[in-house]
Amino acid sequence: MDVVVSLTTRVDGRYSGDSYTLSEEALERGVNVVTLFPNSYHKMVDPIWVKTLSEEGVVEVESNYGTRRFPIDQKWRWESGEIPLSYAYCEISIKFNPIEQ
């Protein structure tokens, strides 16, 4: 499974963004995707945990912005919605793409 985390930040009507790819190992252990972002986000954005639950055939996203499980073998997208920061707003999306066999 290919998992890409996107961070979009809006300050004064201007947008910037970054994206991060999660490894299979990180997904199996479970990862707080906020730790991938610049340090300035760590205290302002609540943890967003992503973990593969292979025995159940799902990937789980658990956070205060919404918790959901997605089938491993299908394309899905999770979105945080707008998160206020002290100086701006950000949105986080996580795209799940199964690896073609």
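If you're wondering where the values come from, they're calculated on a predicted model, not measured in any experiment.

### Overview of the side chain of Glu60
Then step 1. Tracing the sequence through the fold places Glu60 in strand 5 (residues 58-63).
Then step 2. According to the relative accessible area criterion, Glu60 is buried, its value standing at 18%.
Then step 3. Reaching out from Glu60, the side chain makes a polar contact with the side chain of Arg69 at a distance of 3.1 Å.
Then step 4. In contact with Glu60, other than residues within four places in its own chain, are Trp49, Val50, Lys51, Leu53, Arg68 and Arg69.

### Brief notes about the packing of aromatic side chains
Then step 1. Overall, the coordinates contain four aromatic pairs when judged by the stated rule.
Then step 2. Look at Tyr20 and Phe37: their rings are 5.5 Å apart centre to centre, the planes differ by 45 degrees, and that puts the pair in the tilted class. Taken as a pair, Tyr20 in strand 2 (residues 14-22) and Phe37 in the loop between strand 3 (31-32) and helix 2 (39-42) lie far apart in primary sequence, 17 residues in all. For the residue pair Tyr20 and Phe37, the accessibility class agrees, reading buried in each case.
Then step 3. Between the aromatic rings of Phe70 and Trp76, the centroid separation amounts to 5.6 Å while the plane-to-plane angle is 45 degrees, which identifies the pairing as tilted.
Then step 4. Here Phe70 falls in the buried class, since its relative accessible area comes to 1%.
Then step 5. Trp76 gets classed as partly exposed once you look at its relative accessible area, which sits at 29%.
Then step 6. Joined through ring pairs, the aromatic side chains of Tyr20, Phe37 and Tyr41 make up one cluster.

### Considering the pattern of salt bridges
Then step 1. Scanning the entire structure with this criterion turns up four salt bridges.
Then step 2. With a closest N to O distance of 2.2 Å, Arg69 and Glu56 form a salt bridge. Placement of Arg69 in strand 6 (residues 68-71) and of Glu56 in the loop between strand 4 (48-53) and strand 5 is noted, with a sequence separation of 13 residues between them.
Then step 3. You can call Arg69 partly exposed: its relative accessible area is 41%.
Then step 4. Arg77 serves as the salt-bridge partner of Glu79, at 2.6 Å between the closest nitrogen and oxygen.
Then step 5. Residue Glu79 is classed as partly exposed on the basis of its relative accessible area of 48%.
Then step 6. What emerges from the salt-bridge pattern is a single network uniting Glu56, Glu60 and Arg69.

### As for a negative patch on the surface
Then step 1. A contiguous patch of negative charge on the surface is contributed by Asp2, Glu24, Glu25 and Glu28.
Then step 2. At three residues, helix 1 (residues 24-29) tops the list of elements feeding residues into the negative patch.
Then step 3. Note that Glu25 resides in helix 1.

Rules behind the numbers
Residues numbered from 1 in each chain as written. Predicted model: local features only at pLDDT ≥ 70, side-chain atom pairs only at ≥ 80, totals over all residues. Heavy atoms only, no water. Helix = DSSP H or I, 4+ residues; strand = E, 2+ residues; numbered from the N terminus. Buried < 20%, exposed > 50% of the residue type's maximum accessible area, 1.4 Å probe, protein only. Polar contact = N/O pair within 3.5 Å; in protein donor to acceptor, adjacent residues only side chain to side chain. Contact = heavy atoms within 4.5 Å. Phe/Tyr/Trp six-rings, centres within 6.5 Å; stacked < 30°, edge-to-face > 60°. Salt bridge = Lys/Arg side-chain N within 4 Å of Asp/Glu carboxyl O. Patch = residues over 30% accessible without salt bridge, like charges linked within 9 Å, V, L, I, M, F, W, Y side chains within 5 Å. Areas by Shrake-Rupley, 256 points an atom, 1.4 Å probe, with all protein chains shown as cover. Lys, Arg positive; Asp, Glu negative; His and termini not counted. Charge placed at Lys NZ, Arg CZ, Asp CG, Glu CD.

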